[in-house]
Number of protein chains: 2
Amino acid sequence: MKESILETKDQFHEYAKKMSAYNEALGLMFWDLRTGAPKNGAEQRSEVIGMLSSELFEMSTSNEMAAYLAKLSPVMDQLDPMTQKLIEECQKEYDRNKKIPASEYREYVVLQSKAEGKWEEAKEKADFDMFKPYLEKLVAFTKRFIDYWGYEGNKYNTLLDMYEPGVTVEVLDKVFGDLRDQIVPLVHKISKSEHKPKTDFLFEHFPKERQKDFSLKILEQIGYDFNSGRLDETVHPFAIGLNPGDVRVTTKYDEKDWRTAVFGTIHEGGHALYEQNISKDLMGTPLCTGTSMGIHESQSLFYENFVGRNHSFWKQNYALLKDYSTGQFDSVELDDFYRAINESKPSLIRIEADELTYALHIIIRYEIEKGLFNDEIEVKDLPEIWNQKYEEYLGIRPSHNGEGVLQDVHWAGGSFGYFPSYALGYMYAAQLKRAMVEDIPHYEELLEKGDLAPVREWLTEHVHQWGKMKKPLEIIREVTGEGLNAQYLADYLTEKYSKVYSLN
Amino acid sequence: MKESILETKDQFHEYAKKMSAYNEALGLMFWDLRTGAPKNGAEQRSEVIGMLSSELFEMSTSNEMAAYLAKLSPVMDQLDPMTQKLIEECQKEYDRNKKIPASEYREYVVLQSKAEGKWEEAKEKADFDMFKPYLEKLVAFTKRFIDYWGYEGNKYNTLLDMYEPGVTVEVLDKVFGDLRDQIVPLVHKISKSEHKPKTDFLFEHFPKERQKDFSLKILEQIGYDFNSGRLDETVHPFAIGLNPGDVRVTTKYDEKDWRTAVFGTIHEGGHALYEQNISKDLMGTPLCTGTSMGIHESQSLFYENFVGRNHSFWKQNYALLKDYSTGQFDSVELDDFYRAINESKPSLIRIEADELTYALHIIIRYEIEKGLFNDEIEVKDLPEIWNQKYEEYLGIRPSHNGEGVLQDVHWAGGSFGYFPSYALGYMYAAQLKRAMVEDIPHYEELLEKGDLAPVREWLTEHVHQWGKMKKPLEIIREVTGEGLNAQYLADYLTEKYSKVYSLN
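Since the structure is predicted, the reported quantities are computational estimates derived from the model, not experimental observations.

### Comments concerning the domain arrangement of chain A
All names here are of chain A.
Here is step 1: If you check the domain split of chain A, you get domain 1 (3-98) and domain 2 (141-203 + 280-504).
Here is step 2: Each of domain 1 and domain 2 was reduced to a C-alpha centroid, and the two centroids are 30 Å apart.
Here is step 3: At the boundary of domain 1 with domain 2, total buried surface from both sides reaches about 1,100 Å², with 64% on carbon and sulfur atoms.
Here is step 4: Of all residues in domain 1, the largest losses of buried area upon contact with domain 2 belong to Met 82, Lys 85 and Arg 96, amounting jointly to 45% of the total for that side.
Here is step 5: Taking the shortest distance from any N to any O, the salt bridge between Glu 88 and Lys 471 comes out at 3.1 Å.
Here is step 6: Our count for the contact surface shared by domain 1 and domain 2 stands at 5 residue pairs in polar contact (both at pLDDT 80 or more).
Here is step 7: Those elements giving two or more residues to the side of domain 1 that touches domain 2 turn out to be helix 1 (3-35) and helix 4 (81-98).

Here it is in structure tokens:
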């Protein structure tokens, strides 16, 4: 390799390192604002966040970046894999940010922020007409952006690619169709089942401090490293990886429903295990994070559902839960407890949905977004289409748009193409689980013993360590020997919920 | 004003805003590292801090900055006062950073970091010879820097100016001399006094949580705004102003000595009141912070000593302290309590010194630094000179260099000229207090009632609100009608300690 290329490569790495540094600083400010930052400082802090974010945006589209890409792209094959990936990521971002005329992008950013404000008001008042003109403009802008960016096969693919590289409409139509066709009848059967679990004991008073102590125990059990993280309280829980040595989990406590904190913490803990176990070699580069929204979600859902809602897991942890609670479980059998925490019923609100029905909420949104960007659905018809689909898939119908089409913030922020990742997370998780038990046939025994290290190690080996070095479907294919397949999730759900609801 | 100047002015403000944003992000990372950041993330976090710091350094010396200064300085008189101050500050920093050849500065930074490591080891082993070559180099570098920077009157003035603009050797020789001549005999008298306060009850067990609750009460009482701040635990307590709406206080708890947390919190609270009450007009600019180390220290010391160690303050708060403690004060009279918390005895360690003897520790360091930079003292002679001065001023002699010349980190970090600020803080505080009671003659009554708002408001009016808009001695002169005068501190200490120790 020529010396000048080596030199450029080093400078490029330095440059990328700086971008990572900005990201880490921004991440800490985000975490701080959402945990304990004093409220009077928030306005100025937002200014600071805005300023550093635009700095980062400028770095991603600067002439310096362009020069690195122009010089290194042609000699890709002479470069190490990490540099190759770095170029690929930066090129993608460069194209995405650079292809939109600056004036148009500025206009769009203003619209976004206005739309979010308007959406909040519209949701409150359940008034879709108030939000409609904003949504129409957001869709129109996004369509123009797709034209700038270009697309392959389907316009919506370009949006999907931002969150789940490699996943296309072709893939999703297949897997979501398969899933829908198997879940919908299951959901309907359950609605009619007479074996509804008793759940009243779940809602008795559970003091916050005890929930916290129990959550900490469980976090420790799943392998969360407290020397590389901490648990804090917040309003909308999240996990954030600042670097692999500093991955923070947040949760919220509801003294009338301990499940919020405990399953929430396990969920965020799953995200955190991903970020804590990325290879140290990627530290300080933009590759040192989860490879996609969907794979990230697969890790949180793996722990929440395949560990946290698993019967074996509670064999020993139920006694622990009893220790920390104030007596409400004392006369409840483990089996009844297990059925209670796996209750499933159709609901209108996505973020309150259970493991079984969740995917249907996503499939509805996917079908609508796909229609919107292929000119098959118009914004004005959304409320009616939304309500019809809820009726068809879940058997319930929103009584107003606030609990219907207006419930999520995503569209107000222009985040079209994001929703599918949530459902992909479920499918990836089920598919990974299937592969895992081939390597770890005594999976259930490990859970019974609370010995979760082998589980975490398997996920680190196959998923965590790679960060952004492998694409989502690359990981799935390498681990499972096939592409995305909805059958594993469908089988798991069918088997589990048939038992929980004693279906024949 | 020409349009092009207006435009440059706006761009300059934008540029300064960005520098402030970096500073705020750095501040948060600093706070986080010293409060609850997980330890495994610290190494990478330090990288990030390093990267953002150099970015900030580069901004302060960039061609862009040079161009702003070149264009705006000649039209100073046409600009508003805030822009003038901004130019002045940026010019000063530009000169300081730019006049040193880059290669020499890099060499110095490496030396600094090596010296700090070596100092730690040398202090541990009480081995001055181990640290000596590093200190010699640091002094030599600093002397060369002074040559680059230039100086007026005395070489040491250049160093003083970095921490306490406007304060010179001429000023300090006078005030430190005055102070020393009055305090030394007082300290000697007290050593011989037979009226030593009883203090054993101070060291009984005081649970951490209760110390914290009491500290929070006191913080509230002095006017600390919890919507613009928070209290956390740390190892080396500090206060930090990220912006006026986010000023954080930290403390540490010693269950065998509650004074550490309570007086520490009041002290840091004083710093915090300063930063919380800077005018919102300065928000987001580099002028939005304390004007100097010394004035900052005057605010913390005002609250620690003139409020926290004041007899009137405890008239009502002693009952509160009793409520929070576990009985150790129940049979102790207020007067005995007051004498106990104002015990004074010569000690070897600066950071453990009391209000009366503290200034002597500083004066010793001042005399030594002045000698070093005027070629009157050589590094090799420091241990002996140090020990002689301690004997002369405080009547005690270190038994080894670990508790002598090696005790402070400042020199290892190259921070020559910093020490005097601490003693200036005492003098400023006493001088401000004298001016305050002319406006608020019922000062003692207010303390008795716990009504501290007028005190805080007075300090905000005369000190806090100005941020860096006024220089230290400008503030003192405007408030008190005269320059720095050590007599107020000397009088206060003489009167107070004569009473506490029943001297005649």
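### Section: the relation of the copies chain B and chain A
Here is step 1: For the pair chain B and chain A, the best superposition has an RMSD of 0.1 Å and corresponds to a rotation of 180 degrees with a translation of 0.1 Å parallel to the axis. Read as a symmetry element, the transformation amounts to a two-fold axis. Relative to the rotation axis, the C-alpha of Ala 25 of chain B is the closest in chain B, positioned 3.2 Å from it.
Here is step 2: A symmetric contact is evident, with 100% of the interface residues of chain B recurring at the interface of chain A.

### Concerning helix 16 (residues 420-439) of chain B
Here is step 1: Counted at 1.5 Å a residue, the expected span for helix 16 of chain B with its 20 residues is 28 Å, and the 29 Å between its end C-alpha atoms agrees.
Here is step 2: Of all 20 residues in helix 16 of chain B, 16 are buried; the element is thus mostly enclosed.

### Quick look at the sheet that holds strand 3 (residues 246-251) of chain A
All names here are of chain A.
Here is step 1: The strand order across the open sheet built from 3 strands is 1-3-2, with neighbouring strands paired in mixed fashion. With one partner strand each, in any of the chains shown, strand 1 (231-233) and strand 2 (239-243) form the two edges of the open sheet. Neighbouring strand axes in the sheet, compared pairwise and without regard to direction, differ in orientation by 25 degrees on average.
Here is step 2: Judged from the 3 bridges that link them, strand 1 and strand 3 form a sheet pairing that is parallel. In the sheet register, Glu 233 faces strand 3, and the bridge partner there is Thr 251.

### Regarding the environment of Phe 214 of chain A
Residues and elements named next belong to chain A.
Here is step 1: Relative to the helices and strands, Phe 214 is located in helix 9 (residues 208-222).
Here is step 2: Sequence spacing of Phe 214 and Asn 485 is 271 residues, and the spatial spacing of their C-alpha atoms is 36 Å.
Here is step 3: Residue contacts for Phe 214: discarding those within four places in its chain leaves Val 262, Trp 314, Asn 317, Leu 320, Leu 321 and Tyr 324.

### A word on helix 6 (residues 128-149) of chain B
All names here are of chain B.
Here is step 1: Compared with the 32 Å implied by 1.5 Å per residue over 22 residues, the 30 Å span of helix 6 between its first and last C-alpha is a close match.
Here is step 2: Tyr 134 marks the point of greatest bend in helix 6, at about 25 degrees.
Here is step 3: What helix 6 keeps buried is the set Phe 128, Met 130, Phe 131, Leu 135, Leu 138, Val 139, Phe 141, Thr 142, Phe 145, Ile 146 and Trp 149.
Here is step 4: For helix 6, the secondary structure elements touched by its buried residues are helix 4 (81-98), helix 5 (102-125), helix 7 (155-163), helix 14 (358-373) and helix 15 (382-394).
Here is step 5: The distance from a side-chain oxygen at the start of helix 6 to the backbone nitrogen of Asp 129 is 3.1 Å, and the residue carrying that oxygen is Asp 127.
Here is step 6: Looking one or two residues beyond helix 6, the residue adopting positive phi is Gly 150, at roughly 85 degrees.

### Examining the interface of chain B and chain A
Here is step 1: Residue-level contacts link 35 residues of chain B with 35 residues of chain A.
Here is step 2: Taking both sides of the interface into account, the surface hidden between chain B and chain A amounts to around 3,000 Å²; carbon and sulfur atoms contribute 57%.
Here is step 3: Its largest share of buried area at the contact with chain A, chain B owes to Pro 38, Gln 44 and Met 51 of chain B, together 18% of the area lost on that side.
Here is step 4: For the interface between chain B and chain A, the tally reads 8 salt bridges.
Here is step 5: Ionic pairing is found between Asp 246 of chain B and Arg 45 of chain A, a salt bridge with its closest N-O pair at 2.9 Å.

### Details of empty space enclosed by the protein
Here is step 1: Inspection of every chain in the model, using the stated rule, returns 2 cavities of 30 Å³ or more.
Here is step 2: Per element, the largest residue contribution to the lining of the largest cavity is 3 residues, and it comes from helix 4 of chain A.
Here is step 3: Its residues placed into classes, the lining of the largest cavity shows 2 nonpolar, 1 polar and 6 charged.
Here is step 4: Two domains each donate at least three residues to the lining of the largest cavity, and these are domain 1 (3-98) and domain 2 (141-203 + 280-504) of chain A.
Here is step 5: Of the voids in this model, the second largest cavity is the one considered here, and its volume is about 30 Å³.
Here is step 6: In terms of lining, the second largest cavity is formed by Arg 365, Trp 386, Val 405, Asp 408, Trp 411 and Phe 419 of chain B.
Here is step 7: A breakdown of the residues in the lining of the second largest cavity according to their chemical character gives 4 nonpolar, no polar and 2 charged.

### Quick word on the packing of helix 16 (residues 420-439) of chain A against helix 20 (residues 487-500) of chain A
Residues and elements named next belong to chain A.
Here is step 1: Packing of helix 16 against helix 20 leaves a shortest axis separation of 7 Å and a crossing angle of 85 degrees. Classed by the angle they form, the pair helix 16 and helix 20 counts as roughly perpendicular. Packed against helix 16, whose contacting residues are Tyr 426, Met 427, Ala 430, Gln 431 and Arg 434, the element helix 20 presents Tyr 488, Leu 489 and Asp 491 at the interface.
Here is step 2: Class assignment of the residues belonging to the contact of helix 16 with helix 20 gives a composition of 5 nonpolar, 1 polar and 2 charged.

### Some points on the nonpolar core
Here is step 1: With 131 residues, the main nonpolar core has Trp 258, Phe 302, Trp 314, Phe 337 and Leu 382 of chain B as its most contacted residues.
Here is step 2: For this core, the leading source of residues is helix 16 of chain B, giving 11 residues.
Here is step 3: The contacts of Phe 337 of chain B, once residues within four sequence positions are left out, are Phe 201, Trp 258, Trp 314, Tyr 318, Leu 321, Phe 329 and Val 332 of chain B.
Here is step 4: Core analysis: the next-biggest nonpolar cluster, separate from the first, contains 129 residues, Trp 149, Leu 231, Val 379 and Leu 459 of chain A among them.

### Details of the environment of Thr 357 of chain A
All names here are of chain A.
Here is step 1: Among the secondary structure elements, Thr 357 is positioned in the loop between helix 13 (334-341) and helix 14 (358-373).
Here is step 2: Judged by its relative accessible area of 0%, Thr 357 is buried.
Here is step 3: As a C-alpha pair, Thr 357 and Glu 194 span 163 residues in sequence and 18 Å in three-dimensional space.
Here is step 4: Excluding residues that lie within four positions of it along the chain, Thr 357 makes contacts with Val 187, Ser 344, Lys 345, Pro 346 and Leu 394.

What counts and how
- Residues numbered from 1 in each chain as written.
- Chains lettered and ligands numbered in written order.
- Predicted model: local features only at pLDDT ≥ 70, side-chain atom pairs only at ≥ 80, totals over all residues.
- Heavy atoms only, no water.
- Domains from an automatic or database assignment.
- Buried area = accessible area lost by both parts, 1.4 Å probe.
- Salt bridge = Lys/Arg side-chain N within 4 Å of Asp/Glu carboxyl O.
- Polar contact = N/O pair within 3.5 Å; in protein donor to acceptor, adjacent residues only side chain to side chain.
- Helix = DSSP H or I, 4+ residues; strand = E, 2+ residues; numbered from the N terminus.
- Least-squares fit on C-alpha atoms with pLDDT ≥ 70 in both.
- Contact = heavy atoms within 4.5 Å.
- Expected span 1.5 Å × (residues − 1).
- Buried < 20%, exposed > 50% of the residue type's maximum accessible area, 1.4 Å probe, protein only.
- Pairing = 2+ DSSP bridges.
- Axes fitted to C-alpha atoms, helices over the stretch in contact; angles between N-to-C directions.
- Bend = angle between axes of the 7 residues up to and from the residue.
- 1 Å grid on protein atoms, 1.4 Å probe; cavity = no way out; pocket = protein on both sides within 12 Å on 5 of 7 lines; lining within 4 Å.
- Points joined across faces, edges and corners; volume = space filled by probe spheres on them.
- Nonpolar A, V, L, I, M, F, W, Y, C, P; charged D, E, K, R; others polar.
- Parallel < 35°, antiparallel > 145°, perpendicular 65-115°, else oblique.
- Core = buried A, V, L, I, M, F, W, Y, C linked by side-chain atoms within 4.5 Å.

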